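Examining the three-dimensional arrangement
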Amino acid sequence: MIVKKKERRKEVITRNWKVFDYPLRSKTTGIAYQILSGRTPKVGSFRNNICTEIFYIIGGSGVIVVKNHEYILREGDVYIAKPKEQHFLVGKKLTFLVITTPNWYPAQCEILKD
C-alpha cells in the first residue's frame, strides 16, 4: 500500500499547528505529518483514551510535558504516549510524524483543564 503526498488531508488546527493526515483506509493504524510552533493545546492537556501515539521527531525542537515532567524533543527522538496519558506539546518549528494505533479519531480524545 502506498499513500501519495497529494492524497493527504491538510488540517490547520491553529495558526501555529498544521496537521497533514495520510488516509490509510485502516482502523488499526493512522499516520500524520505535523508542524508545531507554540503550545498545543493552548490550555490544559490532551488525553487519548484509546490510541497510543508514537511521535517521531523530524526537525525543530520542543518538549512534551507528561505529569509535570518535561521531555526534550529533538531530531531523531521518539516519544510514545500511552492511552490515558495526559500530555501537551510546545514546539519551535517542531516537525514530526505521529503514528497511532488504533487510527486516531476525535471522539476518543479529550482536552482536560489542568
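Everything below is about the structure printed above this text.
Residues numbered from 1 in each chain as written. Predicted model: local features only at pLDDT ≥ 70, side-chain atom pairs only at ≥ 80, totals over all residues. Heavy atoms only, no water.

This part covers the overall build of the chain. The helix and strand tally for the chain stands at zero helices and nine strands. Listing each helix as α and each strand as β along the chain from the N terminus yields β-β-β-β-β-β-β-β-β. Over its C-alpha trace the chain gives a radius of gyration of 13 Å, about what one expects of a compact globule, namely 13 Å for 114 residues. Projected onto its principal axes, the C-alpha positions of the chain cover 40 × 30 × 25 Å. Classification of the 114 residues of the chain by burial places 39% in the buried group. The long-range share in the chain, meaning contacts at least 24 apart out of those at least 6 apart in sequence, stands at 63%. Surface accessibility of the chain: about 7200 Å² in total, with carbon and sulfur atoms responsible for 56%. Counting 20 positive and 10 negative side-chain charges, the chain places the centres of these two groups 6 Å from one another. (Helix = DSSP H or I, 4+ residues; strand = E, 2+ residues; numbered from the N terminus. Rg over C-alpha atoms; globule rule 2.2 N^0.38 Å. Buried < 20%, exposed > 50% of the residue type's maximum accessible area, 1.4 Å probe, protein only. Contact = heavy atoms within 4.5 Å. Areas by Shrake-Rupley, 256 points an atom, 1.4 Å probe, with all protein chains shown as cover. Lys, Arg positive; Asp, Glu negative; His and termini not counted. Charge placed at Lys NZ, Arg CZ, Asp CG, Glu CD.)

This next bit is on the nonpolar core. Considering soluble globular proteins, one finds that nonpolar side chains tend to be buried as a cluster. F55, I64, L73, Y79, L89 and F96 are the most contacted members of the largest nonpolar core, which totals 17 residues. Listing elements by their share of this core, those giving two or more residues are β2 (17–22), β3 (30–40), β5 (52–66), β7 (78–81) and β8 (87–101). Residues contacting F55, with those up to four places away along its chain left out, are I64, D77, V78, Y79, A81, H87, L89, F96, L97 and V98. (Core = buried A, V, L, I, M, F, W, Y, C linked by side-chain atoms within 4.5 Å.)

Quick look at unusual backbone geometry now. Geometrically, the link from T40 to P41 is a cis peptide bond, its omega value of -10° lying close to zero. Residue placement: P41 occurs in the loop between β3 and β4 (45–48). Here the bond from T101 into P102 is cis, since omega is -10°, no more than 30 degrees from zero. Note that P102 resides in the loop between β8 and β9 (109–112). Unusually for a residue other than glycine, K84 sits at a positive phi of about 75°. Counting through the fold element by element, K84 comes out in the loop between β7 and β8. Taking the relative accessible area as the measure of exposure, K84 reaches 54% and is therefore exposed.

Further remarks concern the pattern of salt bridges. A complete count under the given rule lists three salt bridges for this structure. Linking R9 and D21 is a salt bridge whose minimum nitrogen-to-oxygen distance equals 2.5 Å. Taken together, the residues span a long stretch of sequence, with R9 in strand β1 (residues 9–14) and D21 in strand β2 at a distance of twelve residues. A residue is classified by how much of its surface remains accessible, and D21, at 18% relative accessible area, is buried. (Salt bridge = Lys/Arg side-chain N within 4 Å of Asp/Glu carboxyl O.)

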